[in-house]
Amino acid sequence: MHKTKFSTGAAMAVAMFIAWPAGAQAPGGMPPKQVGVVTLTRQNVPRIVTLPGRAVAASDAEIRPRVSGIVTGIEYDPGKRIEAGAPMFTIEDTTYQANLASAEAQVSSAQAQVTQAQSSYERTRKLLGSGTTQAQVETALATLDQAKATLQSAEAARTLAQADLNWTTVTSPIAGIASVADISVGDLVTANQADALATVTQLDPIEVDMYEPSSRILNVLDDISEGILTLSETLNATLTLENGRTYQAVGEMVAPGVTVSTSTGSIDTRFRFKNPDNLILPGMFLRGQVELGSISAILVSQSATNRDKVGNLSAWVVEDGKVSERQLTEAGNYQQQWIVTEGLEDGETLVADGLTGLQEGMEVVTVPVTYDDQGVIREVQQDEPAEGDAPAEDAAPAEDDAAQPADATE
């Protein structure tokens with residue numbers, strides 16, 4: 001009884017021992033793993049950075065009175081566009097009309113004094129040496145100069161009076177959308193008061209502040225100095241709205257940032273966008289994409305790579321029928337693909353499908369694949385040989401050869 005058990009156990013152990021190396025050998029056991037591959041190509045790739053941004057008004061004017069008085073009218077419709085110079089408020093102008101009339105009278109009086117002094121000076125100068133002295137001529141000239149100065153002072157007072165009268169109509173200094181008035185007809189306002197009567201906001205064009213970490217700026221400068229990045233002549237940007245919609249306008253840079261925020265460590269760069277439909281409003285949070293230039297790199301699908309716990313990026317390539325893992329250096333992404341600058345070479349074969357279970361040095365069978373418009377891997381369709389061609393005749397012996405090891409294994 002015991003001998004039978006021992007013999008049965010020993011036979012099973014021997015069978016397992018013999019079967020193990022047979023299964024590990026590719027020629028006599030499992031065939032090599034099949035993987036989908038693509039051929040890598042180095043190309044000039046747009047270097048695009050995605051930045052957070054916030055919309056700000058290009059111009060935002062607070063309307064304040066420049067003279068004091070009672071508000072007699074509100075001349076605009078809140079929420080509608082007004083042009084620069086359009087009247088918004090009127091202030092009682094009776095006092096200012098009277099001041100202007102008084103100033104004009106002063107000008108007329110001063111002009112009469114100038115005319116009289118001019119005539120007196122001319123007579124005195126002509127009689128010099130025959131009835132008048134040099135001292136008298138000089139006195140007449142001084143009187144004339146004094147009269148002219150009085151006229152200039154009167155004209156300046158008239159100009160101020162005219163300005164005060166004009167300022168009784170409060171106008172908008174810019175074109176934009178006017179807010180609801182903060183005062184009513186009959187309210188008393190004072191010149192240059194702290195509280196604004198209303199606000200006019202320019203929405204077209206609209207400006208967007210985009211914030212980029214200073215460390216990234218330094219990396220970009222390093223790439224430019226090393227010749228990796230070719231900077232564009234002009235920096236343009238596109239926007240993604242809060243609902244994920246792409247804004248159909250391209251913005252141009254207005255001013256680059258020159259200071260780093262002490263609280264966020266970022267640099268503020270301003271871009272300007274057309275906003276004819278007032279779709280973007282000041283204060284909106286946006287996401288901007290800025291194309292810095294182009295970089296010579298290899299595009300690798302994100303699905304064909306792996307990132308370990310510490311953030312190192314890697315991918316598998318096929319060399320001489322065996323897979324090898326490569327450590328990659330990336331410079332951002334473009335259209336769901338990593339922009340790889342180091343770790344891969346032009347013309348190499350990248351494993352794009354069948355990544356599970358790969359090990360260093362494992363033999364594989366490669367199948368060319370490609371990506372469709374949605375980024376899904378598709379096998380490359382090859383033309384089937386016509387009937388009577390040599391490849392079709394050779395196909396049958398290949399199947400017999402493949403079946404031969406199976407018989408031997410059994």
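Above this text sits the structure in question.
Residues numbered from 1 in each chain as written. Predicted model: local features only at pLDDT ≥ 70, side-chain atom pairs only at ≥ 80, totals over all residues. Heavy atoms only, no water.

Novice: Just to check I follow, could you spell out the packing of helix 2 (residues 94-126) against helix 3 (residues 134-166) for this structure?
Specialist: Contact geometry of helix 2 with helix 3 gives a least axis separation of 8 Å together with a crossing angle of 165°. Regarding the angle of helix 2 to helix 3, the classification is roughly antiparallel. Every pair of crossing elements has a handedness; the one defined by helix 2 and helix 3 is left-handed. (Axes fitted to C-alpha atoms, helices over the stretch in contact; angles between N-to-C directions. Helix = DSSP H or I, 4+ residues; strand = E, 2+ residues; numbered from the N terminus. Parallel < 35°, antiparallel > 145°, perpendicular 65-115°, else oblique. Left-handed = near helix turned anticlockwise from the far one by under 90°.)

Novice: Honestly, the packing of aromatic side chains in this entry has me stumped. Any pointers?
Specialist: Working definition: an aromatic ring pair is given by the centre-to-centre distance plus the angle between the planes. A complete count under the given rule lists one aromatic pair for this structure. With centroids separated by 5.7 Å and ring planes inclined at 75°, the aromatic side chains of Tyr76 and Phe89 adopt a geometry described as edge-to-face. Of this pair, Tyr76 sits in the loop between strand 3 (69-74) and strand 4 (81-82) while Phe89 sits in strand 5 (residues 87-91), placing them 13 residues apart in sequence. Of the two residues, Tyr76 and Phe89, both sit in the buried class. Here the guanidinium or amino end of Arg307 rests over the ring plane of Trp338, the centre of that ring lying 5.0 Å away. (Phe/Tyr/Trp six-rings, centres within 6.5 Å; stacked < 30°, edge-to-face > 60°. Buried < 20%, exposed > 50% of the residue type's maximum accessible area, 1.4 Å probe, protein only. Lys NZ or Arg CZ within 6 Å of the ring centre and 35° of its normal.)

Novice: Even after reading the chapter, I still don't get unusual backbone geometry, so can you show me in this structure?
Specialist: Most peptide bonds adopt trans geometry, and most residues besides glycine take a negative phi value. Here the bond from Asp204 into Pro205 is cis, since omega is 5°, no more than 30 degrees from zero. By the secondary structure assignment, Pro205 is in strand 9 (residues 198-213). The phi angle at Asn192 is positive, at roughly 55°, despite the residue not being glycine. The residue Asn192 is located in the loop between strand 8 (188-189) and strand 9 in this model. Unlike most non-glycine residues, Gln335 shows phi in positive territory, near 55°. As for its position among the elements, Gln335 is in the loop between strand 16 (322-334) and strand 17 (337-342).

Novice: Which parts of the structure should I look at to understand the sheet that holds strand 5?
Specialist: Hydrogen bonding along the main chain pairs the strands of a sheet, whether they run parallel or antiparallel. Here we have four strands laid out as an open sheet, ordered 6-5-3-8, and antiparallel in their pairing. On the outer flanks of this sheet lie strand 6 (169-171) and strand 8, each paired with one strand and no other. Bridge count for strand 5 against strand 6 is three bridges, and the pairing is antiparallel. Looking across to strand 6, one finds that Phe89 is bridged to Val170. (Pairing = 2+ DSSP bridges.)

Novice: Looking at this structure, how should I read the pairing of strand 15 (residues 313-319)?
Specialist: Looking along a regular strand, one sees the side chains alternate between the two faces of the sheet. Of all seven residues that make up strand 15, six are buried, and the element is covered over most of its length. Note: strand 14 (residues 305-307) against strand 15, three bridges, orientation antiparallel. If you follow Thr305 over to strand 15, its bridge partner there is Ala315. Counting the residues in the hairpin turn of strand 14 and strand 15 gives five residues, including Gly311, whose phi is positive at 95°. Note that strand 15 and strand 16 share seven bridges and pair antiparallel.

Novice: How should the nonpolar core be read in this particular structure?
Specialist: Most often, soluble globular proteins have nonpolar side chains that are buried together. Ranked by size, the top nonpolar core spans 26 residues in total, and within it Met210, Leu239, Phe273, Ile280 and Val290 carry the most contacts. Taken together, the elements giving at least two residues each to this core come down to strand 2 (42-63), strand 9, strand 10 (229-240), strand 11 (246-255), strand 12 (266-273) and strand 13 (285-301). Among the elements that make up this core, the one with the highest residue count is strand 13 (six residues). Among all residues touching Met210, those that are not within four sequence positions of it are Leu51, Pro52, Gly53, Ala237, Leu239, Ile267, Asp268, Thr269, Phe271, Phe273, Gly288 and Val290. Tyr96, Leu100, Ala103 and Ile183 belong to the second-largest nonpolar core, a separate cluster that totals 24 residues. (Core = buried A, V, L, I, M, F, W, Y, C linked by side-chain atoms within 4.5 Å. Contact = heavy atoms within 4.5 Å.)

Novice: Even after reading the chapter, I still don't get helix 3, so can you show me in this structure?
Specialist: An α-helical turn contains 3.6 residues, so a residue and the one three or four places further along point in the same direction. Taking 1.5 Å of rise per residue, the 33 residues of helix 3 would be expected to cover 48 Å, and the 48 Å separating its terminal C-alpha atoms lies within 8% of that figure. Along helix 3, the residues classified as buried are Val137, Ala140, Leu144, Ala147, Leu151, Ala154, Ala161, Ala163 and Leu165. Buried residues along helix 3 sit in contact with helix 2 and strand 6. (Expected span 1.5 Å × (residues − 1).)

Remember, this is a structural readout, not a statement about activity or role.
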